[in-house]
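# Structural characterization, general
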Amino acid sequence: PDYGLFNLAGRQTAIWYLSGPTFIGSAYRLTPPSGWAMVAIADFNGNDKPDYVLYNAGTRQTAIWYLNNNIFVSSSFGPTVPSGWGLRGVADFNGDGHPGLCFVQFCDSPNRNLVFVRGNVYRKRLWADHSQWLGVSGYGGL
């Protein structure tokens, strides 16, 4: 997998291309508008190029920027994250060959309510005991 990088101070984005664990190159990409941060990358439109998942903390809105290399193609809004929830990962969680978004509900209990979304379509909801998890698919602990 490739790494998406976001410089919060300068608002620049970049992709590090990897072959396994080996760095093979990089490309600077588009700069999100003020208030938005790139939080993940995945190929959402099936063109074998990384697309951006953006998040606006002020409005809790998500969006996807569809890219062709470093050229913006189009965008769509994803779900607005409810208060008390956070976007925690992007992957093919249900094995359908398409990336989805994983949201986690913050609470004092080790049990977390997880919701998986593809586009704006709710896919699956479950409870999970995260207290034993160290990380999920490189996205950090839930």
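For clarity, every value in this text was computed on a predicted model and none was experimentally measured. (Residues numbered from 1 in each chain as written. Predicted model: local features only at pLDDT ≥ 70, side-chain atom pairs only at ≥ 80, totals over all residues. Heavy atoms only, no water.)

## Looking at the sheet that holds strand S5 (residues 51-56)
A sheet is described by the order of its strands in space; here 4 strands give the open sequence S4-S5-S6-S7, paired in antiparallel fashion. Every interior strand has two partners, whereas the edge strands, strand S4 (36-42) and strand S7 (71-80), have only one. Strand-to-strand twist across the sheet, computed as the mean angle between neighbouring axes with direction ignored, equals 25°. Of the strand pairs in this sheet, S5 and strand S6 (residues 61-68) are connected by 5 bridges, and their pairing is antiparallel. Along S6, the bridge assignment pairs Tyr55 with Thr62. (Pairing = 2+ DSSP bridges. Helix = DSSP H or I, 4+ residues; strand = E, 2+ residues; numbered from the N terminus. Axes fitted to C-alpha atoms, helices over the stretch in contact; angles between N-to-C directions.)

## Thoughts on a nonpolar patch on the surface
Among the surface-exposed residues, Tyr3, Leu5, Trp16 and Phe23 lie close enough to one another that they form a single nonpolar patch of about 410 Å² accessible area. Following the sequence through the fold, Tyr3 ends up in strand S1 (residues 3-6). (Patch = residues over 30% accessible without salt bridge, like charges linked within 9 Å, V, L, I, M, F, W, Y side chains within 5 Å. Areas by Shrake-Rupley, 256 points an atom, 1.4 Å probe, with all protein chains shown as cover. Salt bridge = Lys/Arg side-chain N within 4 Å of Asp/Glu carboxyl O.)

## Quick word on the nonpolar core
Grouped together as the largest cluster of nonpolar side chains are 13 residues, with contacts concentrated most on Phe44, Val53, Val81, Leu87, Val90, Leu101 and Phe103. Broken down by secondary-structure element, the contributors of at least two residues to this core are S4, S5, S6, strand S8 (85-91) and strand S9 (100-105). Here this core takes 3 residues from S8, the largest share from any one element. Among the nonpolar cores identified, the runner-up in size contains 9 residues, and Ile15, Met38, Ala63 and Leu67 belong to it. (Core = buried A, V, L, I, M, F, W, Y, C linked by side-chain atoms within 4.5 Å. Buried < 20%, exposed > 50% of the residue type's maximum accessible area, 1.4 Å probe, protein only.)

## Focus: the confidence of the model for the protein
The share of residues in the protein with pLDDT of 70 or more is 74%, and the mean pLDDT across the chain is 75. Mean pLDDT in the protein bottoms out at strand S11 (residues 121-129), which sits at 49, and peaks at S5, which reaches 91. Per-residue pLDDT stays below 50 along residues 127-142; that stretch engages in 31 contacts with residues further than four places along the chain or on separate chains. (pLDDT = per-residue confidence, 0-100. Contact = heavy atoms within 4.5 Å.)

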